[in-house]
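Single-letter residue listing:
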There are 2 protein chains.
Amino acid sequence: MTLTTAQLTISLDGFLAGPDQTLDQPLGLGGEAMHGWMFADERTEVDERWREHLARPRDAYVMGRNMFGPVRGPWSSYDGEWRGWWGEEPPYHAPVFVLTHHEHEPIEMAGGTTFHFVTDGFDAALARARSVGNGDVLVAGGASVVRQALAAGELDELRLEIAPVLLGTGERIFDPTTMANGLEVLAAEHSPLATHVHYRVVR
Amino acid sequence: MTLTTAQLTISLDGFLAGPDQTLDQPLGLGGEAMHGWMFADERTEVDERWREHLARPRDAYVMGRNMFGPVRGPWSSYDGEWRGWWGEEPPYHAPVFVLTHHEHEPIEMAGGTTFHFVTDGFDAALARARSVGNGDVLVAGGASVVRQALAAGELDELRLEIAPVLLGTGERIFDPTTMANGLEVLAAEHSPLATHVHYRVVR
């Protein structure tokens, strides 16, 4: 049985990133503050447990082009080969299916990560990811890809790390397209820097 | 020392009420589903504890006119005396300061509740509420009054009952005016129907 999940850090007011996202500030204005639970010098035992769950190995990943790259134009507009911003050994160690409008050969990285570029939409990327191993797939982000997964009713579980941060504006995780999903709370834990909630998606 | 708090049930996507609020459907389309944790036939022990906290006695309350009434026009437009929709013995048993644009004498109800009508704004209503007893004040709602309390930096604590419900659109609890507040998670518990989170507001 395949398992399709997402695990995301959001602000209490529902943003995955603040306003004014740039290459230097990919989480937007104020967005880094949400991730204090993960990057604190001494993580609490609770925060560490949820971070380990996020980092556990999966069979495959689906992500948007901005999370890979970003690749904003055709590949020919880049000098040399653009291999994303995850470094030579990305932390995935599995196939990663990247949604993009521009075709490209797969890029094999060190440590078992191969980026595959999918130009025929979210459903096609998810189907390819589910065909790997046992089909344990993480929809890694960004916001648009997670919204597509929710809108398509394809998530089995959703883990949210709700940071006690108010960003005011920015990129929302939920919008009217995502509301058809029923959710049930399976678990919740907290540290001063996050409320971790594990939802089952009921279709 | 005074204590000013709010305790609200919201959807996971941040709405206090769904779209199309009417007198017959004050929580808007889909909004009632958020309150399942409170109105289930058999409440869980966790849900019951948070409900009891919401219902505990306070020295005074601040609420918006729609939560009292609603009083949408001058009082003279009503036949007879309009005494709100809480019945003859409202569940407050204390002074309730109602924000409105239309002056009215206080209305004394059975059981110790007196509705006072305040026409000079949120700060004035809060000051009057804080002068009662020890100043243990609940900002009861609706969304606009809670947003004013957050925007003014006047909340000491915020308890959110985050229902695993996505409404898509409706009346938001947070907006850009509320983002100046720092929050810290003091406690979190869950049932299948809600994640209960207790925040301290850091100014």
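Thresholds, definitions, all that
- Residues numbered from 1 in each chain as written.
- Chains lettered and ligands numbered in written order.
- Predicted model: local features only at pLDDT ≥ 70, side-chain atom pairs only at ≥ 80, totals over all residues.
- Heavy atoms only, no water.
- Salt bridge = Lys/Arg side-chain N within 4 Å of Asp/Glu carboxyl O.
- Helix = DSSP H or I, 4+ residues; strand = E, 2+ residues; numbered from the N terminus.
- Buried < 20%, exposed > 50% of the residue type's maximum accessible area, 1.4 Å probe, protein only.
- pLDDT = per-residue confidence, 0-100.
- Contact = heavy atoms within 4.5 Å.
- Buried area = accessible area lost by both parts, 1.4 Å probe.
- Polar contact = N/O pair within 3.5 Å; in protein donor to acceptor, adjacent residues only side chain to side chain.
- Nonpolar A, V, L, I, M, F, W, Y, C, P; charged D, E, K, R; others polar.
- Lys, Arg positive; Asp, Glu negative; His and termini not counted.
- Phe/Tyr/Trp six-rings, centres within 6.5 Å; stacked < 30°, edge-to-face > 60°.
- Lys NZ or Arg CZ within 6 Å of the ring centre and 35° of its normal.

Bringing the pattern of salt bridges into the picture now. All chains considered together, the criterion is met by 18 salt bridges over all chains. Close ionic contact of B:Glu45 with B:Arg49 constitutes a salt bridge, the shortest N to O distance being 3.0 Å. With B:Glu45 and B:Arg49 both in helix α2 (residues 45–55), this residue pair falls 4 residues apart, about one helical turn. Note on B:Glu45: relative accessible area 55%, which makes it exposed. Each of A:Arg43, A:Glu48 and A:Arg51 takes part in a single network of salt bridges with overlapping partners.

Moving on to the confidence of the model for chain A. Put simply, chain A has an average pLDDT of 92, and 99% of its residues get 70 or more. Here helix α3 (residues 65–68) of chain A stands out as the element of chain A with the lowest mean pLDDT, 90, in contrast to helix α4 (residues 122–130) of chain A, whose mean of 98 is the highest.

Between chain B and chain A, the contact holds 29 residues from the first and 29 residues from the second. Roughly 2400 Å² is buried in total at the junction of chain B and chain A, and carbon and sulfur atoms are behind 68% of that figure. Among the residues of chain B in contact with chain A, B:Leu12, B:Leu166 and B:Val185 are the three that bury the most area, contributing 25% of the side total. Summed over the shared surface of chain B and chain A, the number is 0 salt bridges. If you look at where chain B meets chain A, you find 2 residue pairs in polar contact (both at pLDDT 80 or more). Only β8 (157–163), β10 (182–191) and β11 (194–202) of chain B provide two or more residues apiece to the side of chain B that touches chain A. A total of 8 residues in the side of chain B that touches chain A trace back to one element, the largest contributor, which is β10(B). When grouped by side-chain class, the residues that make up the side of chain B that touches chain A number 18 nonpolar, 7 polar and 4 charged.

Another point: the side chain of A:Arg159. All names here are of chain A. With respect to the helices, strands and loops of the structure, arginine 159 is situated in strand β8 (residues 157–163). Glutamate 157 is the oppositely charged side chain nearest to the buried, salt-bridge-free arginine 159, at an N-O distance of 4.5 Å. Of the polar contacts made by the side chain of arginine 159, one reaches the side chain of histidine 53; its length is 3.3 Å. When neighbours within four sequence positions are excluded, arginine 159 is seen to be in contact with Ala6, Gln7, Leu8, Trp50, His53, Val197 and His198.

Below, the discussion takes up the packing of aromatic side chains. Here the structure, examined in full by the defined rule, presents 8 aromatic pairs over all chains. Between B:Tyr61 and B:Tyr92, the ring centres sit 4.8 Å apart and the planes meet at 65 degrees, which makes this aromatic pair edge-to-face. Of this pair, B:Tyr61 sits in strand β3 (residues 60–64) while B:Tyr92 sits in the loop between α3 (65–68) and β4 (95–99); the two residues are 31 residues apart in sequence, bridging distant segments of the chain. Under the relative-accessibility criterion, B:Tyr61 is labelled buried at 3%. Three or more aromatic residues joined by ring pairs form one cluster here, namely A:Tyr61, A:Trp86 and A:Tyr92. Looking at A:Arg159, its charged tip hangs above the ring of A:Trp50, at a distance of 5.2 Å from the centre.

With that out of the way, let us pick up the side chain of B:Glu161. Residues and elements named next belong to chain B. Turning to its location among the elements, glutamate 161 is positioned in strand β8. Among buried Asp, Glu, Lys and Arg side chains, glutamate 161 stands out as unpaired, with arginine 159 the closest opposite charge at 6.7 Å. Separated by 2.4 Å, the side chains of glutamate 161 and histidine 196 make a polar contact. In contact with glutamate 161, other than residues within four places in its own chain, are Gln7, Leu8, Thr9, Ile10, Trp37, Trp50, Thr195 and His196.

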